[in-house]
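# Notes for the structure review
Residues per chain are reported as follows:
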Amino acid sequence: MTGSRPNPPPTNPAPALSLSRTVKSSMPWGLISSLFTLYVLIGLVLSVSAPPYWVWVPAILGTGMLAVGLTQPLTVHQSPSQVGLLVYLGGLMLVVPLAVAVNYVGGDQSFDNIRFAIALVSLVILTLLAVLLTAAAAIVTARTAAQLMRTADYQRSLSVLLITCFLGILLGGLAGFLILMLTAGA
């Protein structure tokens, strides 16, 4: 024989590896729940401060435009500026009602006892809150749309986004109106 010996068996065999796979969900539930929470907060802001009812119309339209604009896949015949216009208009239509609503906070107080500087600073802070809330909604909507477009087709992605946004704003609005009714009765 030419001398090749078989290797002796190892004295300490390695443990057998588990071949079980973890099933990863195709839905980005963390992002969807974050988006839902943001729109519940938007609905609360639109209802708790008791602004005029007309603020709901542009807020709902802006929510839909923002979701459609951020979900729309770019095709060869479509420029990014067309999609961007829908997103900008949706963001504007969402931020204006939020700014109106947050500036109704404390609207039953008299301006006789408030200094001008304090009123101006509170106006700026509340308006920035509306802008930040809209920006957060746009960012989370974009991230959720991108994740959904990787795992589902356009129709399903858009449906999930629209249902999440509209249910969130509806639930937040109903909760805000209930809070108003309970505090008015007390």
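Residues numbered from 1 in each chain as written. Predicted model: local features only at pLDDT ≥ 70, side-chain atom pairs only at ≥ 80, totals over all residues. Heavy atoms only, no water.

## Things to note about the overall build of the chain
The helix and strand tally for the chain stands at five helices and zero strands. Walking the chain from its N terminus toward its C terminus, one meets helices and strands in the order α-α-α-α-α. Within the chain, the fraction of its 186 residues that count as buried is 33%. Across the chain, the fraction of contacts at a sequence separation of at least 24, relative to all contacts at a separation of at least 6, is 85%. Only carbon and sulfur atoms are counted for the fraction: they give 70% of the accessible area of the chain, which is about 12400 Å². (Helix = DSSP H or I, 4+ residues; strand = E, 2+ residues; numbered from the N terminus. Buried < 20%, exposed > 50% of the residue type's maximum accessible area, 1.4 Å probe, protein only. Contact = heavy atoms within 4.5 Å. Areas by Shrake-Rupley, 256 points an atom, 1.4 Å probe, with all protein chains shown as cover.)

## A short note on helix H4 (residues 116-151)
For H4, which comprises 36 residues, the first-to-last C-alpha distance of 53 Å matches the rise-based estimate of 52 Å (1.5 Å per residue) to within 8%. Taken as a whole, H4 has its buried residues at Ala130, Leu133, Thr134, Ala137, Val140, Thr141, Thr144, Ala145 and Leu148. (Expected span 1.5 Å × (residues − 1).)

## Side note on the nonpolar core
By size, the foremost hydrophobic cluster in this structure holds 29 residues, and its most contacted members are Tyr39, Ile42, Leu46, Leu94 and Leu98. Elements that contribute at least two residues to this core include exactly helix H1 (29-48), helix H2 (56-71), helix H3 (80-102), H4 and helix H5 (154-185). When residues no more than four places from it in sequence are discounted, the contact partners of tyrosine 39 are Thr63, Leu66, Leu94, Ala137, Thr141, Cys165, Gly168 and Ile169. (Core = buried A, V, L, I, M, F, W, Y, C linked by side-chain atoms within 4.5 Å.)

## So, the side chain of threonine 63
When you line up the elements, threonine 63 lands in helix H2. Not counting chain neighbours up to four residues away, the residues in contact with threonine 63 comprise Tyr39, Leu94, Cys165, Phe166 and Ile169.

## Quick notes on the environment of alanine 101
As for its placement among the helices and strands, alanine 101 is situated in helix H3. Taking the C-alpha atoms as reference, alanine 101 lies 5.2 Å from proline 51; in sequence the two are 50 residues apart. Every residue in contact with alanine 101, bar those within four places of it in the chain, is listed here: Val45, Leu46, Ser49 and Pro51.

## A look at the packing of H4 against H5
Where H4 contacts H5, the axes come no closer than 9 Å and their chain directions differ by 145 degrees. Read as a crossing pair, H4 and H5 show a hand that is right-handed. In contact with Thr141, Thr144, Ala145, Leu148 and Met149 of H4, H5 contributes Tyr154, Ser157, Val160 and Leu161. When its residues are assigned to classes, the contact of H4 with H5 shows six nonpolar, three polar and no charged. (Axes fitted to C-alpha atoms, helices over the stretch in contact; angles between N-to-C directions. Left-handed = near helix turned anticlockwise from the far one by under 90°. Nonpolar A, V, L, I, M, F, W, Y, C, P; charged D, E, K, R; others polar.)

## Observations concerning the confidence of the model for the chain
Per-residue pLDDT for the chain averages 83, and the proportion of residues at 70 or more is 75%. Per-element confidence in the chain is highest for H1, whose mean pLDDT is 94, and lowest for H3, whose mean pLDDT is 85. (pLDDT = per-residue confidence, 0-100.)

## Focus: the environment of glycine 90
Among the structural elements, glycine 90 can be located in helix H3. Residue classification places glycine 90 among the buried residues on the basis of a relative accessible area of 0%. Along the sequence, glycine 90 and threonine 63 sit 27 residues apart, while their C-alpha atoms lie 6.3 Å from each other. The residues touching glycine 90, leaving out its near neighbours within four places in the chain, are Gly62, Met65 and Leu66.

## A word on H2
Quick reminder: α-helices carry 3.6 residues per turn. Residues three or four places apart thus point the same way. For H2, which comprises 16 residues, the first-to-last C-alpha distance of 23 Å matches the rise-based estimate of 22 Å (1.5 Å per residue) to within 8%. Of all the positions in H2, only Trp56, Pro58, Ala59, Gly62, Thr63, Gly64, Met65, Leu66, Ala67, Gly69 and Thr71 are classed as buried.

## Observations concerning the packing of aromatic side chains
Under the definition given, this model contains two aromatic pairs. Their ring planes at 45 degrees and their centres at 6.3 Å tell us that tyrosine 53 and phenylalanine 177 sit as a pair that is tilted. Residue tyrosine 53 is located in the loop between H1 and H2, and its partner phenylalanine 177 is located in helix H5; the two are separated by 124 residues in the primary sequence. A ring pair is formed by tryptophan 56 and phenylalanine 177, whose centres lie 6.1 Å apart and whose planes are at 35 degrees; its orientation type is tilted. You can see tryptophan 56 sitting in helix H2 and its partner phenylalanine 177 sitting in helix H5, a full 121 residues away along the chain. One aromatic cluster in this structure is built from Tyr53, Trp56 and Phe177. (Phe/Tyr/Trp six-rings, centres within 6.5 Å; stacked < 30°, edge-to-face > 60°.)

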